[in-house]
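# Descriptive structure summary
Single-letter residue listing:
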Amino acid sequence: MTIKLFNTMSRKIEEFKPLEPGKVGFYVCGPTVYHYTHIGNLRSFIQNDILKRMLIENGYEVTHVMNITDVGHLTSDADSGEDKMEKGAARDNKSVFEVAKFYTDAFIKDFNDLNLISPTHMPKATDYIQEQIDLIQQLEARGYTYKIEDDGIYYDTSKFPGYGKLTGGSLSGDRAGARVEFNNKKRNPTDFALWKFSPKNEKRQMEWDSPWGVGFPGWHTECCAMSMKLLGKHFDIHSGGEDLSRIHHNNEIAQSEPLVGAPWVNYWLHISFLIDKSGEKMSKSKGEFLGMDALRSRGFDSMAYRYLVLLSHFQAQLAFSWEGLEAASNGYKNIVKKLALLLNETDKGNVDRGVYDEWHDKMLSTLSDNMKTAETLVIVQDLLKTSEVNAATKIALFEFVDRLLGLQFIDRAQKFNALEAETAPTEIQSLADARTKAKSEKNWALADELRAKIDAAGWLVTDTKDGSKLIKKS
Ligand code: AMP
Ligand code: ZN
């Protein structure tokens, strides 16, 4: 099947052609583990998971690398400010290593909960210090670096004629702000740190010896060193959130192409932001953000969030609201309930291969066309509606839909059928009725309190078109 992807580099939708037939090398910039991963970060990882699933269903063997940034990411992408990890350690009163482990574990829990397929490799930047030093030495040998006393080793962007090509920026233009923001010892405002020296008279928790002195690698170097080590000098697809294209990815290209030749990577994918109601990017550094725990504590299934994300295209920003999540959750549950009924049918018939292939191809070709997730979900709805496909074929197709979209429809439908049988005791029912009343009076605090009581008693309350419904927790 033809796969088409919007490539940030060419600013066009292009047909995907792998470097090696049947194989895809895929690199994703992973989280900086100084804080909880928020639902904005997770939006980008969900979209990457969709890309991976689409490639797999098209028969590709995908080698997926997603790094964990546990050193070197400063509060400003222009290499100034504090180290995010050391800042997180001070905030949490823990060592940097404890902080990295704690938030990496929390991230993996969310990752699994959202049914994201584990990467083939999940390297930590701190495990690849030598590779980063080697890469900087190669750049040094080719004359791309210079030293700023008491600061670090810098990359001279004027030496790389293609600098900024990913986003069409120029050396002096789009980052003029960097000059003000940073010291004027840099040769060009776009130059960036490859190796930062530890401050004199200060012992950092994370620091290493290097040919240039004790310090730590700049954030942009890790992805080049790790991707080349694990995927080879050239690979197919590099992805990340839209904030990474202008600085981080242009800098990655500037470090890699002088060493391995152009193009280093064939396809660049950028996932648009999850924004809040005021139109601002959800961001860890602002300190106010929503994690999966916030959604779970309000009774939302992680799949409802996954479903919400898939209702929008990866190139469009998605504005998060609780109302939007509630609507997506109801949409998701409606599909689950209809599928639950199908699973209960006694006379399902046999799988019709011809019909199966027709719907399978329709869904896969739609998703393969620049990842049209919302349109694919419309076909899923149509499949449930049609009376021309028997239950056995629909169920077989849902197994495929679950592989393709990772929405765990069959699992939730089975759980729904198993739990449906139990009726709630009267005291739980009256708590649910009181909650419905509180909601109708817009007394959200009381409604939340009542939900917590119901939850503590072992029941889940869900809102459906026909009013609230109680389901016994498994
Ligand atoms: P970080 O942990 O900040 O290094 O980000 C991890 C990934 O999430 C990167 O690919 C970011 O580009 C992406 N990201 C950060 N904020 C958002 C957001 N609000 N919406 C979508 N993706 C985001
Ligand atoms: Zn990266």
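Time to look at the pattern of salt bridges. This model, assessed by the stated rule, comprises 26 salt bridges. One network of salt bridges, in which partners are shared, links Asp 110, Asp 113, Asp 293 and Arg 296.

Our next topic: the side chain of His 360. Its location among the elements puts His 360 in helix H11 (residues 353–368). Its relative accessible area of 15% is what places His 360 among the buried residues. Apart from the residues within four sequence positions on either side, His 360 is in contact with Leu 397 and Phe 400.

In the vicinity of ligand 1, 19 residues are found, and the nearest of them are Thr 32, Asp 243, Leu 274, Met 282 and Lys 284. Taking Thr 32, its side chain carries an N or O atom lying 2.8 Å from an oxygen atom of ligand 1. Gly 40 places a polar main-chain atom, nitrogen or oxygen, 3.1 Å from a nitrogen atom of ligand 1. Burial of ligand 1 by the protein amounts to 95% of the accessible area it has alone, namely 490 Å².

With that out of the way, let us pick up helix H16 (residues 444–456). If you check H16, its first and last C-alpha atoms are 18 Å apart, about what 13 residues at 1.5 Å a residue would give, namely 18 Å. Of all the positions in H16, only Ala 447, Leu 450, Arg 451 and Ile 454 are classed as buried. One side of H16 holds all its buried residues, which, seen down the axis, span an arc of 105 degrees. Exposed and oriented more than 90 degrees from the buried face of H16 are Ala 445 and Ala 456.

Attention now moves to the pairing of strand E10 (residues 265–271). Most of E10 is tucked away: six of the seven residues are buried. Handedness of the crossover joining strand E9 (residues 235–241) and E10 through helix H7 (residues 245–260) is recorded here as right-handed.

Criteria and thresholds
Residues numbered from 1 in each chain as written. Chains lettered and ligands numbered in written order. Predicted model: local features only at pLDDT ≥ 70, side-chain atom pairs only at ≥ 80, totals over all residues. Heavy atoms only, no water. Salt bridge = Lys/Arg side-chain N within 4 Å of Asp/Glu carboxyl O. Helix = DSSP H or I, 4+ residues; strand = E, 2+ residues; numbered from the N terminus. Buried < 20%, exposed > 50% of the residue type's maximum accessible area, 1.4 Å probe, protein only. Contact = heavy atoms within 4.5 Å. Near = heavy atom within 4 Å. Polar contact = N/O pair within 3.5 Å; in protein donor to acceptor, adjacent residues only side chain to side chain. Areas by Shrake-Rupley, 256 points an atom, 1.4 Å probe, with all protein chains shown as cover. Expected span 1.5 Å × (residues − 1). Arc of directions from axis to C-beta. Right-handed = clockwise from strand over helix to strand, strands pointing away.

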